[in-house]
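Each chain, letter by letter, is given below.
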Amino acid sequence: MLASFKSIGAYVPEKILSNEDLEKMVDTSDEWIQKRTGIRERRIAEDEITSDMGVKAGEIAISRAGLRKDEIDAVICATISPDYFCMPSTANMISHKLGLNPVTSFDISAACTGFIYALNMAKSFVQSGTFKNVLIIGAEKLSSIVDYEDRTTCILFGDGAGAAVIGRTEMQQEAIIDVHTGADANYSDYLITPGGGSAEPTSLETIKNRRHFMKMQGNATFKVAVKTLTKDVIEILEKNGIDSNEIDHFVPHQANYRIIKAVGDALKMPKEKVALTVGKYGNTSSASIPMAINDLYESGKLKRGELMLLDAFGGGLTWGSALVPFGGE
Ligand code: COA
């Protein structure tokens, strides 16, 4: 059995938080943010929670796959900003709100690489015959774990969701070619939410010390990201005997324009083939790749059969890449 990337959908909340807004909140400037990251603005969810955004993206993906809701037999949600800490999972909430009960649904935690991890699992489920149509979602309300007093992180992140349906195909040219995933906790403190887990259970002290917010060693993370991603994308291309000029769309995780450019340059990828949404959405962690694919789709640039190269890097540290022909209409 072969697995195909059947459809894409995304949702962004309406409220925009611009660099100028952030200038009023912390000691930063639009010029610094744009120069170091390429970000101009990001979206912030106000009344909506993570599953609400996942539902909206999921509904679009299911309808674009030409499926009825009862044809979806599993939901995987990648998120680091779930509705609830521990349980129930955000995927459970999404499948309930979509009216998909009682299908298998669960979350995975692989930070910004979450969507590629979910893609890997969905591909295996479909290929093995366990499930026919798997809805994979990357959904994040990062504004709920960002410290808006910390200028080194609050300028980077935004909210949003993206979703895709992974289903069966008999056509080799539409089948997902390969997915790579990896992790190394030697760098676990580079990107971490230290408080609230079993290592530092929530207490007045953890809250007072703002340990429940995301912390990042930005510069150190940047260097490992460029090195790891460059190696990983070159490896997946070589392993599958594909030249970078055969790629129609390079869709990297949208963390920082400079990381995207460094990896794109290493692949000699022309600018027009590189998906770029970091300027308007910032870093939306597990949602960033499906949101970027959706942008390509809605602007008419992504056609059936075109080959995408995905790559991502995030807390864990985790990373991944994938070679995916678009199997949708
Ligand atoms: N506004 C103004 N100045 C800021 C700032 C801000 N928002 N944030 C940090 N600075 C200052 C620092 O304090 C530092 O000042 P100093 O030189 O006086 O000490 C200076 O800018 C440089 O900081 P540095 O952290 O070295 O900057 P950088 O070029 O590495 O850019 C990031 C910072 C966060 C944009 C960049 O490191 C990055 O994108 N890292 C990776 C992010 C990432 O990929 N995340 C995880 C994957 S999802």
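The rules behind each value
Residues numbered from 1 in each chain as written. Predicted model: local features only at pLDDT ≥ 70, side-chain atom pairs only at ≥ 80, totals over all residues. Heavy atoms only, no water. Phe/Tyr/Trp six-rings, centres within 6.5 Å; stacked < 30°, edge-to-face > 60°. Buried < 20%, exposed > 50% of the residue type's maximum accessible area, 1.4 Å probe, protein only. Pairing = 2+ DSSP bridges. Helix = DSSP H or I, 4+ residues; strand = E, 2+ residues; numbered from the N terminus. Axes fitted to C-alpha atoms, helices over the stretch in contact; angles between N-to-C directions. Contact = heavy atoms within 4.5 Å. Near = heavy atom within 4 Å. Polar contact = N/O pair within 3.5 Å; in protein donor to acceptor, adjacent residues only side chain to side chain. Areas by Shrake-Rupley, 256 points an atom, 1.4 Å probe, with all protein chains shown as cover. Nonpolar A, V, L, I, M, F, W, Y, C, P; charged D, E, K, R; others polar. Domains from an automatic or database assignment.

A.B. asks: For the packing of aromatic side chains, give the residues involved together with the corresponding values.
C.D. replies: As enumerated under the stated definition, the model contains 5 aromatic pairs in all. On the numbers, 5.0 Å between centres and 75° between planes, the contact of Phe-125 with Phe-131 is edge-to-face. Phe-125 sits in the partly exposed class, given a relative accessible area of 21%. Phe-131 gets classed as buried once you look at its relative accessible area, which sits at 13%. Among the aromatic side chains, those forming a connected cluster through ring pairs are Phe-5, Tyr-297 and Phe-326.

A.B. asks: Before we move on, could you go through the sheet that holds strand β7 (residues 159–169) and cite the residues and values that matter?
C.D. replies: The sheet built from 5 strands is open, its strands ordered β1-β7-β6-β4-β5 with mixed pairing. Because the sheet does not close on itself, it has two edges, and the strands there are β1 (2–11) and β5 (104–108). The average angle at which neighbouring strand axes cross in this sheet is 20°, direction not considered. Bridge count for strand β6 (residues 133–141) against β7 is 9 bridges, and the pairing is antiparallel. Each bridged residue has a counterpart across the sheet, and for Gly-138 the counterpart in β7 is Gly-162. Docked against the sheet, helix α3 (residues 50–64) engages β1, β6 and β7, running at close to 125° with respect to β1. Helix-sheet contacts for helix α11 (residues 288–298) involve β1 and β7, and the interaxial angle to β1 is about 85°.

A.B. asks: Account for the site of the ligand, naming residues and giving values.
C.D. replies: What surrounds the ligand is a group of 22 residues, the closest being Thr-28, Arg-36, Cys-112, Asn-219 and Asn-256. Interatomic distance of 2.9 Å between a backbone N/O atom of Arg-151 and a nitrogen atom of the ligand. Measuring from a nitrogen atom of the ligand, one finds a backbone N or O atom of Gly-218 at 3.0 Å. Coverage of the ligand by the protein amounts to 74% of the 960 Å² it exposes when considered alone. Elements supplying a minimum of two residues to the shell around the ligand: α2 (30–37), α6 (151–154), α8 (218–239) and α9 (257–266). Of all the elements, α8 adds the most residues to the shell around the ligand, at 4 residues. Considered class by class, the residues forming the shell around the ligand number 9 nonpolar, 9 polar and 4 charged. Counting residues domain by domain, the shell around the ligand receives three or more from each of domain 1 (2–173) and domain 2 (178–325).

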